[in-house]
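# Residue-level structural notes
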Amino acid sequence: MKKCRRCTKTATFHVTEIHAEKAVAIHLCDSCAREYLENNDSPATETLTDLTSKLDQLISQSAESEATCPDCGTTFGEFRENGRLGCAHDYTEFLAELLPLLENIHEDTSHIGKRPMRTIIGPEEQAMLVQLRRQQQRAILEEDYETAATLRDQIADLERQLQGDDTPLH
Amino acid sequence: MQLAATSGEWLCGDGPCSDIVISSRARLARNVAGFPFVGKASDEQRAQIISQVNEVLNAPIDNRRTSSLDLTELSELDRQFLMERQLISRELARGDGPRGVVISEGERHSVMINEEDHLRIQVLQSGFSLDDCWQECDALDNRIESGIPFSFHPQLGYLTACPTNVGTGLRVSVMLHLPALRMTREIQKVHQSAQKIKLAVRGLYGEGSQALGDFYQVSNQLTLGKTERQLITEVREVVQRIVEWERKGRRHFFESNESRLLDLVSRAWGTLTSARSITSEETMHLLSSVRMGLQMDLLDGRDASLVNELFIRTQPAHLQHTYGEALPPERRNIVRASWLQKRLEENRGDNYEPR
Ligand SMILES: [Zn+2]
Ligand SMILES: [Zn+2]
C-alpha cells in the first residue's frame, strides 16, 4: 500500500504525471489531498491551473533522494513506499527529508516532552552498537563462532559502559 | 488461557463518567537503543528484545503479578481473544516473527513487544481517567527504561518506526458510548470538532474499524511539539464536551420522544432475551440500546457493568472460549443467542418489569 507523500498515512489519491520525460507518481492520503489540492474559493478554471501547479510542485520535490542508511540499508525511497524507517540512525541520515514531513504531520519539529532519566545513548554509540550486532549476525551465519563470541563481549562491554554512565552524552 | 476466566478491570463499568465513557488508555511507543526497528531486525534480535523486556517485567507491576505470552505459541483464536480484550493490537495479532505481550493481573497494564515498535506500553482503565492512565504509564516507562536504554534524539525525542509517533510516542484515547449522538446524527459534530484540533475519532478496534455498538475512540494524532500533559489536556477537553453533548442528546430524546425511546430499548431487550440465533453485529447494536436504557433508568435491570461485559463476551473469540471449542459462524450465532438469554435472565433483577 502506497503511503501519502505529505504525511505517511495510507494514500488513497494517485496521479501519474510526466515530468522531465519521466513518469512520476504522486500519492496522497484523503485528508492531505483535500487540504492540499482543494481550493473552493476560486472559479473552476483557476482551480484547475492551481491544482496543476500544486501537482508540479509536488513532483519537482520528488526528485527522489537516493540517501541510504549505512546502518540498516534502508533507502529513503523504501520509506516512501511503506512508511516505516529501518533504524534510529535513519532520523539522522534522512533528517533533511524528514523535517518537512514532520512539519506536515505534527505542525512542529521539536520534542518538548519527557526525556529519558538516565544516559541518552548518542547517535555514535547507537550506530556502533548496531554495527557490532550486524557483524555478530554475519559471524553467526558464517559459523565463525570465535568472532561472534568476541563481538558478543564487545557488545556487552559497550552496553555496560552506556548503562553505568549517568551523565547525558548530549 | 487463564484470562478467559476473569474479566479485564477496564470493563467493570465504574470510574468517572461511566454512563458514557467506557475506558481510558495511555500508550507509549518505544524502541530499544542499538537495535534496528522491528521491520529490519532479525528474528534473533527480536528474540533478544523479548527476553530483555521479560527480564525487566518479571517482577510485579504495582503489586500485580505479570504474565508473559509468546504470540507465536498462541492459536489464532487466542490471539483474536487478546485483541477483543484490547490487550493487543490487530497488527500484533496478525503479524509474524518473534513477538509477545506482557500483561499484568487485572489486565491494567500490557506491554506489546515487536509490534510496529519494539515496545508499546499501555495502561487501560475503566471510566474517564486519563491522568491516572498517564501516571501509571509514565511510571512503567521509567521502570523499563531503568533496565533497557531507549532510542532518543535530542531534537526529535523518542524515535519510532513511523514518524507519526515520534517525539512523545504518546497516544491517549478514550472509548465513548454515543448512541444518542449517532441517532440524532450529531455524531458529525463530534468528528468535526475533533478534526479541528487534530484528534482522531475511530471505531472500537482502532483505525479503519466501524463504530460497532455506537462505540467511538477519541485520541490524539500529534505526538511531537507538545508535552504529554498538553496532549492529554486536549483530548480531555474534547471528551468532556462530547460527554455533555451525549447527555444532552439523551435528555432531549427522552423529553421529545419518550415513547419511541422506551419502545427502542424494550425491543432491544426483547430481542436479546428471545432470539434463537444472533450475529455479533446485531448483538452489539441491541446491547447499545440496552446499555443506554439502563443508564437512563428505563429498564429496572441491573447495573451497566453486565452490559459492558456482554459486549466483549459475545465477540467471536470470547464466545468460543466460553464454549470451549472453535465453532463455525452459524453455530456461533445459536450459541451466542442462548448464552445471552441465560446471562440476561440471571441478571435481570427480582422486580424486573419493562415499563
Ligand atoms: Zn497525508
Ligand atoms: Zn537505518
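Scope of this entry: the structure provided in the associated data block. These numbers were taken from a predicted model, which means no experiment stands behind them.

### Thoughts on the interface of chain A and chain B
- With 44 residues of chain A at the interface, the matching set in chain B holds 50 residues.
- Summing both partners gives a buried area of about 4100 Å² for chain A against chain B, and 55% of it is carried by carbon and sulfur.
- Interface area lost by chain A to chain B is led by Tyr91(A), His106(A) and Lys114(A), which between them contribute 19%.
- In this assembly, chain A and chain B are joined by 6 salt bridges.
- Between Arg84(A) and Glu116(B) there is a salt bridge, and its shortest N-O distance comes to 3.1 Å.
- For the pair chain A and chain B, the number of links is 19 residue pairs in polar contact (both at pLDDT 80 or more).
- At the level of elements, helix H3 (76–82), helix H4 (90–93), helix H5 (95–106), helix H6 (123–141) and helix H7 (145–164) of chain A are the ones that each hand at least two residues to the side of chain A that touches chain B.

### Considering the coordination of the zinc ion (ligand 1)
Residue and element names in this part refer to chain A.
- For the zinc ion (ligand 1), every protein donor is listed as Cys4 (SG), Cys7 (SG), Cys29 (SG) and Cys32 (SG), and the spread of their distances is 2.3 to 2.4 Å.
- Seen from the zinc ion (ligand 1), its 4 donor atoms lie at angles of 105 to 113 degrees, and the figure they make is tetrahedral.
- On the primary sequence, the residues serving as donors to the zinc ion (ligand 1) are separated as C-x2-C-x21-C-x2-C. In this pair, Cys4 sits in the segment before strand E1 (13–19) while Cys29 sits in the loop between strand E2 (22–28) and helix H1 (30–37), placing the two residues 25 residues apart along the sequence. Both residues of the pair, Cys4 and Cys29, belong to the buried class.

### Some words on the packing of aromatic side chains
- In total, this model carries 4 aromatic pairs over all chains according to the counting rule given.
- Both rings, one in Phe76(A) and one in Phe94(A), keep their centres 5.3 Å apart while their planes meet at 70 degrees; by these two values the pair is edge-to-face. Remark: Phe94(A) occurs in the loop between H4 and H5 and Phe76(A) occurs in helix H3; sequence separation between them is 18 residues.
- A relative accessible area of 0% means that Phe94(A) is categorised as buried.
- Taking the centre distance of 4.6 Å and the plane angle of 70 degrees together, the rings of Phe215(B) and Phe311(B) count as edge-to-face. Remark: Phe311(B) occurs in helix H10 (residues 304–313) and Phe215(B) occurs in strand E10 (residues 215–220); sequence separation between them is 96 residues. Of the two residues, Phe215(B) and Phe311(B), both sit in the buried class.

Each value, and the rule that gives it
- Residues numbered from 1 in each chain as written.
- Chains lettered and ligands numbered in written order.
- Predicted model: local features only at pLDDT ≥ 70, side-chain atom pairs only at ≥ 80, totals over all residues.
- Heavy atoms only, no water.
- Contact = heavy atoms within 4.5 Å.
- Buried area = accessible area lost by both parts, 1.4 Å probe.
- Salt bridge = Lys/Arg side-chain N within 4 Å of Asp/Glu carboxyl O.
- Polar contact = N/O pair within 3.5 Å; in protein donor to acceptor, adjacent residues only side chain to side chain.
- Helix = DSSP H or I, 4+ residues; strand = E, 2+ residues; numbered from the N terminus.
- Donors = N, O, S within 2.8 Å, 3.2 Å for Na, K, Ca; no water.
- Tetrahedral: all angles 85-135°; square planar, octahedral: opposite > 155°, others 65-115°.
- Buried < 20%, exposed > 50% of the residue type's maximum accessible area, 1.4 Å probe, protein only.
- Phe/Tyr/Trp six-rings, centres within 6.5 Å; stacked < 30°, edge-to-face > 60°.

What is shown is where atoms sit, not what they do.
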